[in-house]
Amino acid sequence: MRIAVLGADGYLGWPTALHLSAQGHDVVAVDNLIRRRWDEECGTGSLVPISSMEARCARWQQVSGRSITWHNVDLRDRDAVEQLVVAIKPEAVVHFAEQRSAPYSMISPSHGVETQVNNLVGTLNLIYALRDHVPDCHLIKLGTMGEYGTPNIDIEEGFIEIDHNGRHDRMLYPKSPGSVYHLSKVHDSHNLEFACRVWDMRATDLNQGVVYGTTTDECAQHPELATRFDYDGIWGTVLNRYCVQAAVGEPLSVHGKGGQTRGFLDIRDTVRCIELAALNAPAPGEYRVFNQFTEQFSVLELAEKVKHARAAHGLETEIHHVPNPRRELEEHYYKARHQHLLDLGLQPHNLSDTLIDHVIQAVETNISRVRRETIAAAVDWRRGGGLYRAPAASTLATATAR
Ligand code: NAD
Ligand code: USQ
């Protein structure tokens, strides 16, 4: 298949481009490198050194004998998106290219607006270009489990059957996201569903959980094929952050009580899920939703897993309950269905001590690059955003008192 991977310079886009290329697909990699500029703005950076897209693609050609074509395109530029689609005529498009940090979206009004403009305009430009030039193309769009929030009922895969006043219907599952970023994904989902229903497009919306891990089979083949690894208080995701904290000897920062439960998956499963979605396209007019995660954990359970993995090597790790900078339930019901990708053949890599050890080893290899001042949570939801540095880790009693 000719597959365009949008957001190919990112944590997940680059390993996916490599994986699809390794499977023999004709891959076109697209990005506008804005994430590297956001890092400059935030004073943050990938822990693992990452090469330029030109160098990465050249290295992949040399290592694998396969070529990935690289285009620097901003999805907000409608003409550029249209020209790209006309030029490459993709059979499938994997769309990762969005502002993906919840804390970044909550820094200020301009960061919130920037996030929604970037994400919604980019996705709309793509929908129109595909509709007008390759209407049969399968759009595989990265959504997020956080679209659903934490409802007090089971979470289904995109749709729910409702009986109301004696009548029955199948409707989009209600959404209750927790940040301006997560909200942008909800708006995208509605636009995608509309495009399928009204223009007979075909789309898979992948409501992905929080990803952890540093590498995939393809990325591991050469240091220049490495993908980025974020750990700071704006871009780092929770388990990756805990592993960095453990490696540098800081306490693990559990927000509040730590009962916040989320879906998680290994980065190796991300690339496989995308491949499975691409190989099994929906029918024209079908809007399909897969919940893309493999296991669910509370953030306190995850911290305990990291502590346990360290203890196996005789190392002591502290867990601190820091005041929660977010507005979110810290104790709640959570049961989310995630059957569709398993039915298509996904064989999950469950979280193990070995994986945690592996991530911590990757951190230790790059320990001199850790910017310790960026590790603490940096954005406070409750105060209407604003960049701040969290107070020193405190006790659960203090967190609860607030
Ligand atoms: P990332 O920030 O590492 O990569 C995103 C890439 O998209 C960046 O390289 C950036 O430059 C590019 N991009 C952003 N806006 C663009 C635009 N207007 N035009 C062209 N390129 C643009 O993020 P990631 O962690 O790889 O996440 C990829 C996708 O997966 C995102 O849509 C994110 O919402 C989703 N997702 C990520 C996770 C996770 O845990 N990392 C979990 C669930 C969903
Ligand atoms: N958390 C801690 N301690 C930390 C960091 C986070 O307890 O040091 C908690 C948060 O309060 C939250 C949970 O961990 O309850 C997840 O936070 P996160 O930063 O790991 O993930 P999140 O902000 O939800 O965003 C990440 C990605 C985003 C993706 C989302 C998937 O950045 O792109 O959409 O995970 S999901 O959460 O399923 O919506």
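Heads up: the structure comes first, above all this text.
Residues numbered from 1 in each chain as written. Chains lettered and ligands numbered in written order. Predicted model: local features only at pLDDT ≥ 70, side-chain atom pairs only at ≥ 80, totals over all residues. Heavy atoms only, no water.

A.B. asks: Could you give an account of the site of ligand 2, with specific residues and numbers?
C.D. replies: Looking at ligand 2, there are 23 residues lining it, with T144, G146, Y181, S253 and E328 nearest. In the model, an oxygen atom of ligand 2 is placed 2.7 Å from a nitrogen or oxygen of the V238 main chain. A distance of 2.6 Å separates a nitrogen atom of ligand 2 from a polar backbone atom of S253. Isolated, ligand 2 exposes 730 Å² of accessible area, and the fraction of that covered by the protein chains is 95%. Elements that contribute at least two residues to the shell around ligand 2 include exactly α7 (180–199), α8 (238–248) and β10 (252–255). Class assignment of the residues belonging to the shell around ligand 2 gives a composition of eight nonpolar, 10 polar and five charged. (Near = heavy atom within 4 Å. Polar contact = N/O pair within 3.5 Å; in protein donor to acceptor, adjacent residues only side chain to side chain. Areas by Shrake-Rupley, 256 points an atom, 1.4 Å probe, with all protein chains shown as cover. Helix = DSSP H or I, 4+ residues; strand = E, 2+ residues; numbered from the N terminus. Nonpolar A, V, L, I, M, F, W, Y, C, P; charged D, E, K, R; others polar.)

A.B. asks: Could you give me a rundown of the packing of aromatic side chains, with the residues and numbers involved?
C.D. replies: Inspection of every chain in the model, using the stated rule, returns eight aromatic pairs. Relative to W199, the ring of Y128 lies with its centre 5.6 Å away and its plane at 50 degrees, an arrangement referred to as tilted. Highlighted residues: Y128 in helix α6 (residues 109–133) and W199 in helix α7, separated in sequence by 71 residues. The class of W199 is partly exposed, set by a relative accessible area of 27%. Ring-pair connections join several aromatic residues into one group, and the members of that group are W38, Y104 and W235. Between the NZ or CZ atom of R35 and the centre of the ring of W235, over which it lies, the distance is 3.8 Å. (Phe/Tyr/Trp six-rings, centres within 6.5 Å; stacked < 30°, edge-to-face > 60°. Buried < 20%, exposed > 50% of the residue type's maximum accessible area, 1.4 Å probe, protein only. Lys NZ or Arg CZ within 6 Å of the ring centre and 35° of its normal.)

A.B. asks: I'd like to hear about the site of ligand 1, residue by residue, with values.
C.D. replies: In the vicinity of ligand 1 lie 28 residues, with D31, R100, N118, Y181 and K185 positioned nearest. A distance of 2.6 Å separates an oxygen atom of ligand 1 from a polar side-chain atom of D31. Side-chain polar atom of N118 to a nitrogen atom of ligand 1: 2.8 Å apart, as the coordinates give it. When the free accessible area of ligand 1 is taken as 830 Å², the share hidden by the protein chains comes to 98%. Broken down by secondary-structure element, the contributors of at least two residues to the shell around ligand 1 are α2 (34–42), β5 (138–144), α7 and β9 (210–212). Classifying every residue of the shell around ligand 1 gives 12 nonpolar, eight polar and eight charged.

A.B. asks: How would you summarise the sheet that holds strand β1 (residues 2–6) if you had to cite specific residues and measurements?
C.D. replies: Pairing between the strands of a sheet comes from backbone hydrogen bonds, and it takes one of two forms, parallel or antiparallel. The parallel open sheet is built from seven strands, whose spatial order is β3-β2-β1-β4-β5-β8-β12. Each of the sheet's edge strands pairs with one partner strand only, and the pair in question is β3 (68–72) and β12 (287–292). Between one strand axis and the next, the sheet turns by 20 degrees as a mean value, whatever way the strands run. Across four bridges, strand β4 (residues 92–95) lies against β5 in parallel orientation. (Pairing = 2+ DSSP bridges. Axes fitted to C-alpha atoms, helices over the stretch in contact; angles between N-to-C directions.)

A.B. asks: Provide a residue-level description of the pairing of strand β7 (residues 167–172), including the pertinent values.
C.D. replies: With six bridges joining them, strand β6 (residues 159–164) and β7 adopt antiparallel strand pairing. Each bridged residue has a counterpart across the sheet, and for E161 the counterpart in β7 is R170. Where β6 hands over to β7, the hairpin turn is made up of two residues, of which N165 adopts a positive phi near 50 degrees.

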